[in-house]
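# Residue-level structure breakdown
This is what each chain is made of:
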Amino acid sequence: MTPGLNHYLVVSALLFCLGLFGVLARRNLIVIYMCLELMLNAANLALVAFSRFNANLNGQVMVFFIITVAAAEVAVGLALIVALYRKRQTAHVEDLTSLRF
Amino acid sequence: MPAFTDLLFYAFAGLALLFGFLCVANPFSRSPVTSAMFLVLTIIALAGLFILLHAFFLAAVQILVYAGAVMVLFLFVIMLLDLKEEDRRKMRGFTIGAGALAVVAIAGILIRAVIAAQPLAQGILVEGETKPLGKLLFTQYLLPFEVMSLLLLVAMVGVILLSKKEIK
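Residues numbered from 1 in each chain as written. Chains lettered and ligands numbered in written order. Predicted model: local features only at pLDDT ≥ 70, side-chain atom pairs only at ≥ 80, totals over all residues. Heavy atoms only, no water.

Below, the discussion takes up the overall build of chain A. For chain A, the helix and strand inventory stands at three helices and zero strands. When the elements of chain A are put in sequence order from the N terminus, they spell out α-α-α. A globule of 101 residues ought to have a C-alpha radius of gyration of about 13 Å, yet chain A, at 17 Å, is considerably larger. Dimensions along the principal axes, computed over C-alpha positions, put chain A at roughly 50 × 25 × 20 Å. The buried share among the 101 residues of chain A stands at 60%. Of all intrachain contacts in chain A linking residues separated by at least 6 positions in sequence, the fraction that spans at least 24 positions is 54%. (Helix = DSSP H or I, 4+ residues; strand = E, 2+ residues; numbered from the N terminus. Rg over C-alpha atoms; globule rule 2.2 N^0.38 Å. Buried < 20%, exposed > 50% of the residue type's maximum accessible area, 1.4 Å probe, protein only. Contact = heavy atoms within 4.5 Å.)

In this section: the packing of helix H2 (residues 29–53) of chain A against helix H2 (residues 32–52) of chain B. Viewed as axis vectors pointing N to C, H2(A) and H2(B) meet at an angle of 5°, and their least axial separation amounts to 10 Å. With respect to H2(B), the element H2(A) is oriented roughly parallel. Counting all contacts with H2(A), which are made through Val31(A), Met34(A), Glu37(A), Leu38(A), Asn41(A), Asn44(A), Leu45(A) and Val48(A), the residues of H2(B) involved are Pro32(B), Ser35(B), Ala36(B), Leu39(B), Thr42(B), Ile43(B), Leu46(B), Leu49(B) and Phe50(B). Residue composition of the contact of H2(A) with H2(B), grouped by class: twelve nonpolar, four polar and one charged. (Axes fitted to C-alpha atoms, helices over the stretch in contact; angles between N-to-C directions. Parallel < 35°, antiparallel > 145°, perpendicular 65-115°, else oblique. Nonpolar A, V, L, I, M, F, W, Y, C, P; charged D, E, K, R; others polar.)

Going through the model one piece at a time under the given rule, you end up with ten aromatic pairs over all chains. Every member of this aromatic cluster is reached through a ring pair, and the members are Phe64(A), Phe65(A), Phe57(B), Phe138(B), Tyr141(B) and Phe145(B). (Phe/Tyr/Trp six-rings, centres within 6.5 Å; stacked < 30°, edge-to-face > 60°.)

The interface is formed by 72 residues belonging to chain A together with 81 residues belonging to chain B. Together chain A and chain B conceal approximately 7000 Å² of surface at their shared face, both sides included; 78% is due to carbon and sulfur atoms. For the chain A face of the interface with chain B, the top three residues by lost area are Arg26(A), Met34(A) and Arg52(A), together amounting to 11%. Viewed at the interface, chain B and chain A are joined by zero salt bridges. Linking chain A with chain B are six residue pairs in polar contact (both at pLDDT 80 or more). Sort the elements by how many residues they give to the side of chain A that touches chain B and helix H3 (residues 58–88) of chain A lands first, with 23 residues. (Buried area = accessible area lost by both parts, 1.4 Å probe. Salt bridge = Lys/Arg side-chain N within 4 Å of Asp/Glu carboxyl O. Polar contact = N/O pair within 3.5 Å; in protein donor to acceptor, adjacent residues only side chain to side chain.)

Listed below in structure tokens is the structure:
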């Protein structure tokens, strides 16, 4: 069966769910961050698929922007994690509970 | 007899999902380095899917920016922080259960939406070649493009500030 839009969307949805599960279940800040990247990539796949099957390039421009923003976001986020680690000597979410009610 | 590109789609999709799973919940290793390596493989498989969707420029950018720059940054930070002693902590049953519940619910909604959607009238398929993409980027999307450069500058300044020794 020739893969159509639906196939790509299912793959994208499953990848997104994998990333979401990682964010919810993993306990290491850096791994959580990587799972966020996985979710962004899944969204990118959906956008490219829509772009291809709707004969419209705007989706690809959007993906281009998402990749740029993700790169900036990773740089800032990792700097935050490093600053946090310097202060607390941990990158484990269960040790970072000072904002917990 | 399915065409070769169809088989490639299934191969890349399967690989992306397999590597994604190994990145998120590797049964053999809790180490962040393993996760990062499998994330690189997932990204490469996704670039293959982009090529199958004729988005050649984005596939190249995906490999260069994600697998190249972003993942190197991740690995640098992992090695900087030396997270070895945290490997042994176990995932708790409650978090896995709650996470799985939320994920299954969202997966159900997404897959249901995809199945219920009206199939698209198969029109012209767009070719994601570099030339039309660049034209669009420098005409219709010129302002967002410039704003993006400003954003990168802001991120750069922010990172330098954040990584100073003393945060006042």
